[in-house]
Amino acid sequence: MLEHQEDLNDLQRRFPILIVFVILTFLILVIRIGYLQLIMSGYFRELSESNRLRSLPIEPYRGLIFDRNGELLAHNVPGFHLSVILEDLKNKESTIKRVAELIGISEKDINARLAARKDTYPFAPVRIKENISRKEMAVIEANKLDIPGVVIEAVSRREYRHGNMASHLLGYVGEITQAQLDNFEDDSVYPGITVGQDGIEKTHDPILRGTAGYKQVEVDAYGHEMNVFGVREPVRGNDIYLAIDVNLQRIAEDALGNESGAVVAIDTTNGDILVMASHPTYDHNLLSKRLYAKEWEALVNDPSKPLNNRAIQGVYPPGSVFKIVTAAAAVEAGTSAPEDKIFCKGGLQFGRRFYRDWKAAGHGSVALHRAIVESCDVYFYNAGIKLGVDRIADYAFRLGLGSQTGIDLPSEKAGLIPTTTWKLSAKRGEWIAGETLSIAIGQGYVLTTPVQLAMLISSVANSGVRYQPNTVWAVKNRLNGEKYRFPPAEIGRVEIKEETFQILKNALRGVVNEQGGTGGIARSAIAEIGGKTGTAQVVALKPNISKELLKEKRFKDHALFVAFAPVSEPKIAVAVIVEHGGKGSAAAAPIAKKVIEGHLKNVGH
Amino acid sequence: MLDIKQIYNFEWKFLGVILLISGIGILTIFSATYGFAPHSTPYYQKQLYWIAIGLMFLFLAATIDYHTIVKYAYVIYAVTIILLIVVLIKGRTGLGAQRWLSLGLFSFQPSELAKIAMIILLARYFSDKKIKTGFGMKDMILPATLLLIPVGLILKQPDLGTALLLSFIFLMIILIAGIRMKTILTTLFVCILTIPFIAHFFWGMLKGYQKNRILAFFDPEMDPQGIGYHIIQSKIAIGSGGLFGKGLLQGTQNKLKFIPEKHTDFIFSVFAEEWGFIGAFILLTIYLVLILWGITIAYKAKDREGALLAAGVVCMLSFYLIVNVGMTAGIMPVVGIPLPLMSYGGTSIITTMVALGLLINVKMRRLLLFY
């Protein structure tokens, strides 16, 4: 027996509401899923691929740097960077605060680093401090649980094994900048790769850097590598054997000591840079760590300018060293015959001014040879008056002054050789005849770099043959181990007659070896050295500076000395400048002598 | 009350559909958690146990005469309210919400019980009053109050999804039970006036993560690594499945953990990635069959209690389906609603099984034989 069904007509009448709702729901879902899976599937498939596939760069092994004898100067050691994975930070502010406390960098610095994050991929570590110490590492490890998202990355770090020695020449490395990155169109570099930022590291970065490798990996949502699909191995950089001789470099740097200045030594037979010292040095191990704004500012604003490579960027008036140029011009132009004598009474009245000789008592009657040996100013005032500034400049240019030597180092300065046209355009004024007298003895507007002076004396020693100065002795191909030696590149001959060079060389020999020569202090028992002293005035004698003040070191003259040896068969040319060293003979000449002797002992003279 | 002969009236085919969906669920959970070495029993195996336990609840809910159940509606309701208060005072917190009550061996969520209790309560209330011309405003006061008490308590946990579900069931039931046009219009008017106030009130009750999820629903690209992440990754999973899918265990979005809560709330994304549109369409169709079958049971119910009870269950299942699948497809906010019978988790399985048991219960007693 069936129970009578209750009368539910009213209820059943309303059921279509439910049915319509359910069918509608179904249709909406099917349409939406269909839209995602049928119409948009290509788009989402691509997104899914890019989600899971990532190309991770592999840092290439940077080439090593040796000196010419195979002494290791720069290599790579394990280093550790402190990084933050933004996506893993639980509480950004408190974590940053804690890290700042732990390793002593300011929160501002950390935030600046995080804000400058390059757009790479999710879960990419952002470096907040490079090359942390073992102690800092231990502190971070001990507090790991308090600072989730902070990680230590193991990387390869550049280490310079001889401290600050030759720091300007070697330079330093650092993370690639956006501007540097923009120069590359291929994928041989990537954001975050270490590249050279100064010195050899910078100019020869293409040799040293190598080529980045890449790893195609499948990653999960947390950036963990799940599978490696393919690896393109990085190509390691090539090693560089520098032309410098570390022992010679050390002699030069020890001799410079705490003085500011530069020493450049060139192998006259091929242009190899045997020594390049610039003091004060900078700590390139520290600079390779990437400094914080404050540390960087302190370096830039340091009055002793440690970042300057004085050997190629320091511009100094050459002082009496320039008399070599004036002498060459006078002989070549025939304005003063070598045997013509003039009488020096300790100065020369020209126009309304009395131009003094450094020796107030005067040199008496001198011809060219003695004028160079004793560095008689009056002789060269006269020579200058006869030549005129433009003719002096002409020979200065022939000897390589006033323009870059083209050495393979960044930011070389050109110096300045004044001419009448230069004065018209730069100073908007006519050349004043008296100015020529200053130029003739290397004062006034004349500015030169130590490397230019080294090239000048090298050209004279070589009787005009000029080799391209270069810092690299050989490159060793990392793949096949072969060393490639660069042949010396002759860049031209100075248009000066052989006899003139002979006269000059003989006079320069006299400077060091003759009685009364200004460079007698450089006289050597090992070899005959030829040279020229120079004293560059830092301040023109101005009456408004008191005598007391003038005794201060910063107002003392720069001491210069250029030399070559042996005179008969030149092998090495040296230029030395000691800032505020006083007379060139006393401060600079001994340094040049030590370097020359060091080299000649070495090459077996 | 218990009658062994009822076994002949049991809906075996309906049970077949339930088992089919559960089976698909286990397979998908297996795929979703494949390769992640679990420290204990794997999820798919545990889900198997939960389904077994759920089936026992289903049989229990089917055997006890629903008239008896409906008779105790107010008692069940009162117990539920007490448990909801207890859980607020001393409950276990999980995922930022206080929902769990520890019962020694296992924990359970009183808010799950509230879903069933509310369906039973509404069936009772609207079948007691046999008004054929539709209910008026006065008749709505009591059920609305009875709704708002658990809704308030559940929002306080906070569990937005369940609170919305209860309100949805209430609305659908009064529509089916019959309500005067005038009452609907009045309610609408009152709602429009009070919505800003109520919205503000509810917004204040939400926890930060819930607000974020709702905001992310409106603009998922706002923070692709943060709150919009779930939705974007789920859409990528579904979309990249294409027509045929990537195949079982081949879903890269799933395997590489890009899909969040992949074996629970986002199980549909895993399924759609691996089986494509064809699979998703078939799965949705099976759900449609289940729900339409439920509507038929409600339509053919012997009495008002049965019809409303079944309708309530149908509403619950429909709500689950559209909110969950809609969420994975990016057309619904992420409110933490599981996919019935497929999402991993004992609580959701048991609630669904009990609700389906009630459906079978109504169907079985449609043609009651008297001796």
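All of the points below concern the structure found in this document. (Residues numbered from 1 in each chain as written. Chains lettered and ligands numbered in written order. Predicted model: local features only at pLDDT ≥ 70, side-chain atom pairs only at ≥ 80, totals over all residues. Heavy atoms only, no water.)

### Let's talk about the overall build of chain A
What counts here: A helix here means a DSSP run of H or I that spans at least four residues, while a strand means a run of E at least two residues long, and both kinds are numbered starting from the N terminus. Only heavy atoms enter the contact rule, under which two residues are in contact if any of them lie within 4.5 Å. Only the protein chains shown count as covering a residue, and every accessible area follows the Shrake-Rupley method with a 1.4 Å probe.
Per the secondary structure count, chain A includes 25 helices and 23 strands. Considering only contacts in chain A between residues 6 or more positions apart, those separated by 24 or more positions represent 72%. Only carbon and sulfur atoms are counted for the fraction: they give 53% of the accessible area of chain A, which is about 26,700 Å².

### Looking at the pairing of strand 15 (residues 353-356) of chain A
Residue and element names in this part refer to chain A. The condition is simple: Two strands make a pair as long as DSSP finds a minimum of two bridges between them.
When strand 14 (residues 347-350) meets strand 15, the two strands line up antiparallel, connected through four bridges. Each bridged residue has a counterpart across the sheet, and for Phe350 the counterpart in strand 15 is Arg353. Here strand 14 folds back onto strand 15, and the loop between the two strands holds two residues, one of which, Gly351, carries a positive phi near 65°.

### What about the sheet that holds strand 12 (residues 273-279) of chain A?
Residue and element names in this part refer to chain A. Rules: Axis definition: a line fitted to C-alpha atoms, over the contacting stretch in the case of helices. Angles run 0 to 180 degrees between N-to-C directions.
Read from one edge to the other, the open sheet built from five strands follows the order 12-11-23-22-21, with strand pairing classed as antiparallel. Edge positions in the sheet fall to strand 12 and strand 21 (530-536), since each has one partner strand and no second. Recorded for the sheet is a direction-independent mean angle of 5° between the axes of neighbouring strands. Sheet analysis places strand 21 next to strand 22 (residues 558-565), joined by seven bridges and oriented antiparallel. Bridged to Gly534 within strand 22 is Leu560.

### Describing the packing of aromatic side chains
Defined as follows: Aromatic rings from Phe, Tyr and Trp, with only the six-membered ring used for Trp, were paired whenever their centres fell within 6.5 Å, and each pair was classed as stacked if the ring planes differed by under 30 degrees, edge-to-face if by over 60, and tilted otherwise. Per-residue accessibility, obtained with a 1.4 Å probe over protein chains only, is compared with the maximum for each type, and a residue is labelled buried under 20%, exposed over 50%, and partly exposed between these values. We call a charge positioned above a ring when the Lys NZ or Arg CZ atom is no farther than 6 Å from the ring centre and deviates by at most 35 degrees from the ring normal.
Counting across every chain of the model gives 20 aromatic pairs over all chains. Between B:Tyr125 and B:Phe126 the ring centres are 5.1 Å apart and the planes differ by 90°, which places this aromatic pair in the edge-to-face class. The two residues B:Tyr125 and B:Phe126 agree in class, both being buried. Three or more aromatic residues joined by ring pairs make a cluster, and in this case those are A:Phe21, B:Phe168 and B:Phe319. Its guanidinium or amino end placed over the ring of A:Tyr395, A:Arg398 lies 4.3 Å from that ring's centre, counting from NZ or CZ. Geometry around A:Tyr241 places A:Lys483 over its ring, the cationic atom sitting 4.1 Å from the centre.

### Some thoughts on helix 21 (residues 450-461) of chain A
All names here are of chain A. Worth spelling out the cut-off: The length a helix should cover is 1.5 Å for every residue beyond the first.
Taking 1.5 Å as the rise per residue, helix 21 with twelve residues should run 16 Å; its terminal C-alpha atoms sit 16 Å apart, in good agreement. The buried fraction of helix 21 is high, at twelve of twelve residues. Once helix 21 finishes, Ser463 follows within two positions and takes phi at roughly 55°, a positive value.

### Some words on the interface of chain B and chain A
For the record, the criterion: Here the buried area means the combined drop in accessible surface, using a 1.4 Å probe, for two parts upon being joined, counting both sides. Salt bridges are identified by distance alone: a Lys or Arg side-chain nitrogen within 4 Å of an Asp or Glu carboxyl oxygen. For this analysis, a polar contact is any N or O atom pair within 3.5 Å, provided that within protein one partner can donate a hydrogen and the other can accept it, and provided that sequence-adjacent residues contribute only side-chain to side-chain pairs.
Facing the 62 residues of chain B at the interface are 45 residues of chain A. Roughly 4,900 Å² is buried in total at the junction of chain B and chain A, and carbon and sulfur atoms are behind 71% of that figure. Our count for the chain B to chain A interface comes out at one salt bridge. Put simply, B:Arg304 and A:Asp10 hold a salt bridge, and the shortest N to O gap is 2.8 Å. Inspection of the region where chain B meets chain A yields ten residue pairs in polar contact (both at pLDDT 80 or more).

### Description of the environment of B:Val270
Residue and element names in this part refer to chain B. Within the fold, Val270 resides in helix 12 (residues 267-299). Val270 gets classed as buried once you look at its relative accessible area, which sits at 0%. For the pair Val270 and Ile29, spaced 241 residues apart in sequence, the C-alpha separation works out to 8.6 Å. If sequence neighbours within four positions are ignored, Val270 has contacts with Thr28, Ala32, Asn254, Ile259 and Lys262.

### Description of the sheet that holds strand 1 (residues 53-58) of chain A
Residue and element names in this part refer to chain A. Spatial ordering of the open sheet is given by 1-8-9, a layout of three strands whose pairing is antiparallel. With one partner strand each, in any of the chains shown, strand 1 and strand 9 (225-232) form the two edges of the open sheet. Taken over all neighbouring pairs, the strand axes of this sheet differ in orientation by 30° on average, direction set aside. The sheet contacts of helix 3 (residues 41-52) involve strand 1, strand 8 (213-219) and strand 9, and relative to strand 1 the element is tilted by about 35°.

### A look at the packing of helix 21 of chain A against helix 22 (residues 498-513) of chain A
Residues and elements named next belong to chain A. Short version of the rule: The labels follow the angle: roughly parallel below 35 degrees, roughly antiparallel above 145, roughly perpendicular from 65 to 115, and oblique for the rest. Three categories are distinguished: nonpolar for Ala, Val, Leu, Ile, Met, Phe, Trp, Tyr, Cys and Pro, charged for Asp, Glu, Lys and Arg, and polar for the others, with Gly belonging to the last.
Between helix 21 and helix 22, the shortest axis-to-axis distance is 9 Å and the interhelical angle comes to 115°. Taken together, helix 21 and helix 22 sit at an angle that is classed as roughly perpendicular. Residues Ile457, Ser459, Val460 and Ala461 of helix 21 touch helix 22, and the partners they reach there are Phe501, Leu504, Lys505 and Leu508. Its residues assigned to classes, the contact of helix 21 with helix 22 comprises six nonpolar, one polar and one charged.

### Quick look at the packing of helix 11 (residues 246-256) of chain A against helix 25 (residues 589-603) of chain A
All names here are of chain A. Cut-off, in case you're wondering: For any pair of crossing helices, the crossing counts as left-handed if the nearer helix is rotated counterclockwise from the farther one by less than a right angle, and right-handed if it is rotated clockwise.
Close contact between helix 11 and helix 25 brings their axes to 9 Å; oriented N to C, the two are set at 165°. Comparing their axes, helix 25 and helix 11 come out roughly antiparallel. Crossing handedness for the pair helix 11 and helix 25: right-handed. Across the interface between the two elements, Leu248, Ile251, Ala252, Ala255 and Leu256 from helix 11 touch Ile591, Lys594, Val595, Gly598 and His599 from helix 25.

### Side note on the nonpolar core
To be explicit about the condition: Each nonpolar core is a collection of buried residues, namely Ala, Val, Leu, Ile, Met, Phe, Trp, Tyr and Cys, held together in the definition by side-chain atoms within 4.5 Å.
Counting residues in hydrophobic clusters, the biggest one holds 118 residues, and the most contacted among them are B:Phe126 and B:Phe268. Beyond its immediate chain neighbours, meaning those up to four positions away, B:Phe126 contacts B:Phe135, B:Met140, B:Pro143, B:Ile173, B:Ile174, B:Ala177, B:Arg304 and B:Leu308.

### Quick notes on the pairing of strand 23 (residues 572-578) of chain A
Residue and element names in this part refer to chain A. Of all seven residues making up strand 23, seven are buried, and the element is well covered by its neighbours. Taking every second residue as pointing to the same face, both faces of strand 23 are buried, with Ile572, Val574, Val576 and Val578 on one and Ala573, Ala575 and Ile577 on the other. Across seven bridges, the pairing between strand 22 and strand 23 is antiparallel. Within the sheet, the bridge partner assigned to Phe561 lies in strand 23 and is Val576. Hairpin connection from strand 22 to strand 23: six residues lie between these consecutive antiparallel strands.

### Some points on the pattern of salt bridges
Residue and element names in this part refer to chain A. The full count for this structure, using the stated rule, is 31 salt bridges over all chains. Measuring nitrogen to oxygen at the nearest pair gives 2.8 Å for the salt bridge that ties Arg62 to Asp205. Of the two residues, Arg62 sits in the loop between strand 1 and strand 2 (65-66) while Asp205 sits in helix 10 (residues 205-209), which places them 143 residues apart along the sequence. Just as Arg62 is buried, Asp205 falls in that class too. Connected via shared salt-bridge partners are Arg62, Arg158, Glu201, Asp205 and Arg209.

### Topic: helix 2 (residues 43-63) of chain B
Residue and element names in this part refer to chain B. Rules: The directions considered for the arc are those from the helix axis to the C-beta atoms.
Along its 21 residues, helix 2 runs 30 Å from first to last C-alpha, staying within 8% of the 30 Å computed at 1.5 Å per residue. All buried positions along helix 2 are accounted for by Gln47, Ile51, Gly54, Leu55, Leu58, Ala61 and Ala62. What you see down the axis of helix 2 is that its buried residues fit within an arc of 125°, all on one side. The inward-facing, buried residues of helix 2 abut helix 1 (12-32), helix 3 (66-71) and helix 14 (346-364).

That's the geometry; what it means functionally is another story.
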